[in-house]
Amino acid sequence: QVQLAESGGGLVQAGGSLRLSCAASGSIFSLKRMGWYRQAPGLQRDLVASITSGGSTNYLDSVKGRFTISRDNAKNTVYLQMNSLKPEDTAVYYCHALDRDPWSVQEYAYWGQGTQVTVSS
């Protein structure tokens, strides 16, 4: 079992920045992919950004050029640097990880508890 500990959420004015962190711990095999999802009230949970163990990244179109995802493999930690924040970025942000057993090729999905990001105008 893997636990994901998130931090860095908060209240910020439009145009400001926040940096989210998510540290994985527990019985880790290999973190194939880590990423961030977000969910605003009444809406579905959408992928914001993801990064593979090899460093390949994907971003939601609306955050490209403003958000940067990165990871520290030695610390099993993923980061999301969020710049030029807009009110529409307001949501609960959830860390997500895919852990893979390289021998059995079994994959296990884990979610963080969520951290609130609120952007005021």
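Everything here concerns the structure above.
The following paragraphs examine the structure supplied in this document.

A short note on the state of the cysteines
A covalent bond bridging the sulfur atoms of two cysteines is what the word disulfide describes.
At step 1: Inspection of every chain in the model, using the stated rule, returns 1 disulfide.
At step 2: Disulfide pairing places Cys22 opposite Cys95 at an S-S distance of 2.0 Å. Where Cys22 bonds to Cys95 through sulfur, the torsion about that S-S bond is close to -85°, and the disulfide is left-handed. Of this pair, Cys22 sits in strand S3 (residues 18-26) while Cys95 sits in strand S9 (residues 91-100), and the two are 73 residues apart along the sequence.

Considering the packing of aromatic side chains
At step 1: A full pass over the atoms with the stated rule returns 3 aromatic pairs.
At step 2: When the centroid spacing of 6.5 Å and the interplanar angle of 85° are considered together, the rings of Tyr94 and Trp111 count as edge-to-face. Placement of the pair is Tyr94 in strand S9 and Trp111 in strand S10 (residues 107-111), with a sequence separation of 17 residues.
At step 3: What makes Trp111 partly exposed here is its relative accessible area of 39%.
At step 4: Of the aromatic side chains, those joined through ring pairs into one cluster are Tyr37, Tyr94 and Trp111.
At step 5: The side chain of Arg45 reaches across the aromatic face of Tyr94, ending 3.7 Å from its centre.
At step 6: Here the guanidinium or amino end of Arg45 rests over the ring plane of Trp111, the centre of that ring lying 4.7 Å away.

What counts and how
- The residue numbers shown here count from 1 along each chain, following its written sequence.
- Only residues with pLDDT of at least 70 are given local features in this predicted model, and only at 80 or more are side-chain atom pairs given and counted; all residues enter the totals for whole chains, interfaces and linings.
- Side-chain metrics in this entry use all non-hydrogen atoms of the structure; hydrogen atoms and water are not considered.
- Our working definition of a disulfide is a cysteine sulfur pair at a distance within 2.5 Å.
- Helix and strand assignments follow DSSP, with helices taken as H or I runs no shorter than four residues and strands as E runs no shorter than two, numbered in order from the N terminus.
- Here is the rule: rings of Phe, Tyr and Trp (six-membered ring for Trp) pair when centre to centre is within 6.5 Å. Planes less than 30 degrees apart are stacked, more than 60 are edge-to-face, and the remainder are tilted.
- Summary of the burial criterion: residues with accessible area below 20% of their type's maximum are buried, those above 50% are exposed, and those between are partly exposed, where the area comes from a 1.4 Å probe applied to protein chains only.
- Over a ring means this: the NZ of a Lys or the CZ of an Arg is within 6 Å of the ring centre and within 35 degrees of the ring normal.

Remember that the coordinates give geometry; whether it matters functionally is a separate question.
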